[in-house]
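What follows is each chain in one-letter form.
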Amino acid sequence: MLIPAYPQRARRDARLLLGHVLRWESAYLLAHLDDPITTRAIRELEPLLEQRGRGVPLQYLLGKQEFYGLPVAVGPGVLIPRPETELLVEQALTLWEPQLPLRLADLGCGSGAIALALAFLFPRATIEAVELDPTALSWAAKNVRELGFSQGITLHLGDFNHSLTGGYHGIFCNPPYIPSGEIPRLPREVQQEPWLALDGGVDGLDFYPPLANIARRHLEPGGYLLVEIGIGQSEAVVHIFASAGLHSVNIINDLAGIPRLVQGQQH
């Protein structure tokens, strides 16, 4: 069922889905692969395998994706957090001490993954997370509630301009940055994620000028704007930030040496 669609990952995906159905941890499942499976488990597993074979993201079927060690709930209608986005959070640790009473914003928060990780690392921070799509925001609300961060994170439904109160030490964003023409060529499982969270316009850069202008209006003096970027976009985003009046604009590479973030500072 999975082999034609995912020949390299079929066995792993099937094992993860089986563990999900049986509610067994991976290590326990591997130690009991030869145990008989109940009819009930088979009935639950078969539709999951069928959906996976049709390209439904594995994380949607499992109902979660780990992000910075946190089990973030995900499902249809919300972008799945990627490991590379964790670099945004790691960079924050180079800028501020964990015990500072920071004011932070996560724009286009989706599942809330960035805001959740920031709340975990900066327990005294006040974080505002903004999301335009109600479905995605409902996933963020679920995660904030279930992971116990209701005291530190406030969620807002709306666009960036109408939802921010200002005075932030840091603004974070993983904006849509895939050029519109490339989206139909993405893997079919990625195309099942919300296009609103993927489509960055003709050149993938539509969101960076407004983000830079928002930062100039809403950051505290010395505050930082940190954004994720796509491959080949670093120089353009640096120019956008500098043109908006941000200074000390830096490109931050990931572990593979790929430019992954751009960081700018308010005067």
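Details of the structure are given in the entry above.
Being a predicted model, the structure only gives us computed values, none of them experimental.

J.: Can you walk me through the environment of Asp254 in this structure?
T.: Structurally, the position occupied by Asp254 is in the loop between strand 8 (247–253) and strand 9 (259–265). Once you skip the residues sitting within four places of it in the chain, Asp254 turns out to touch Leu87 and Arg260. Within the structure, the side chain of Asp254 is placed 3.3 Å from the side chain of Arg260, a separation counted as a polar contact.

J.: How do you make sense of the nonpolar core when you look at a structure like this?
T.: Where a protein is soluble and globular, its nonpolar side chains tend to be buried together. Formed by 51 residues in total, the largest nonpolar core has its most connected members in Trp96, Leu104, Leu118, Phe122, Ile127, Ile153 and Phe172. Residue contributions to this core peak at 8 residues, all from helix 6 (residues 113–121). Beyond its immediate sequence surroundings of up to four residues, Leu104 is in contact with Trp96, Leu118, Ala125, Thr126, Ile127, Glu128, Tyr168, His169, Gly170 and Phe172. Counting residues in hydrophobic clusters, the runner-up holds 31 residues, among them Ala215, Leu219, Leu225 and Val262.

J.: Would you explain the side chain of Arg52 in this entry?
T.: For Arg52, the position within the fold is in helix 3 (residues 39–53). A relative accessible area of 1% places Arg52 in the buried class. Side-chain polar atoms of Arg52 contact the side chain of Asp13, separated by 2.9 Å.

J.: For this particular structure, what's the right way to read the pattern of salt bridges?
T.: Oppositely charged side chains can form a pair if their charged atoms are brought close together. All chains considered together, the criterion is met by 8 salt bridges. One salt bridge in this structure joins Arg54 and Glu50, with 2.6 Å as the shortest N-O distance. Here Arg54 falls in the partly exposed class, since its relative accessible area comes to 47%. Judged by relative accessible area, Glu50 falls into the partly exposed class, the value being 36%. A salt bridge links Glu128 to Arg103, with the shortest nitrogen-to-oxygen separation between them at 2.7 Å. Of the two residues, Glu128 is situated in strand 4 (residues 126–131) and Arg103 in strand 3 (residues 103–107); the sequence distance between them amounts to 25 residues. Linked by salt bridges that have partners in common, Arg12, Asp13, Arg52 and Glu189 make up one network.

J.: Any chance you could explain the packing of aromatic side chains here in plain terms?
T.: Each aromatic ring pair is described using two quantities: the centre-to-centre distance and the angle formed by the ring planes. This model, assessed by the stated rule, comprises 3 aromatic pairs. Taken together, the ring pairs in this structure connect Trp96, Phe122, Phe172 and Tyr224 into an aromatic cluster.

J.: What's the story with helix 7 (residues 134–146) in this structure? I'm lost.
T.: Each α-helix winds once per 3.6 residues, and so residues spaced three or four apart point in a common direction. Taking 1.5 Å as the rise per residue, helix 7 with 13 residues should run 18 Å; its terminal C-alpha atoms sit 18 Å apart, in good agreement. When we look at burial in helix 7, the residues that qualify are Ala136, Leu137, Trp139, Ala140, Asn143 and Val144. When helix 7 is viewed along its axis, its buried side chains cluster within an angular range of 155° and face the same direction. Exposed side of helix 7, more than 90 degrees from the buried face: Pro134, Arg145 and Glu146 are the residues found there. If you follow the buried residues of helix 7, they end up packed against strand 2 (70–73), helix 6, strand 4 and strand 5 (153–157). For helix 7, the N-terminal cap is Asp133; the gap from its side-chain oxygen to the backbone nitrogen of Thr135 is 3.3 Å. Phi for Gly148, located one or two positions after helix 7, is positive at around 80°.

Cut-off values and rules
Residues numbered from 1 in each chain as written. Predicted model: local features only at pLDDT ≥ 70, side-chain atom pairs only at ≥ 80, totals over all residues. Heavy atoms only, no water. Helix = DSSP H or I, 4+ residues; strand = E, 2+ residues; numbered from the N terminus. Contact = heavy atoms within 4.5 Å. Polar contact = N/O pair within 3.5 Å; in protein donor to acceptor, adjacent residues only side chain to side chain. Core = buried A, V, L, I, M, F, W, Y, C linked by side-chain atoms within 4.5 Å. Buried < 20%, exposed > 50% of the residue type's maximum accessible area, 1.4 Å probe, protein only. Salt bridge = Lys/Arg side-chain N within 4 Å of Asp/Glu carboxyl O. Phe/Tyr/Trp six-rings, centres within 6.5 Å; stacked < 30°, edge-to-face > 60°. Expected span 1.5 Å × (residues − 1). Arc of directions from axis to C-beta.

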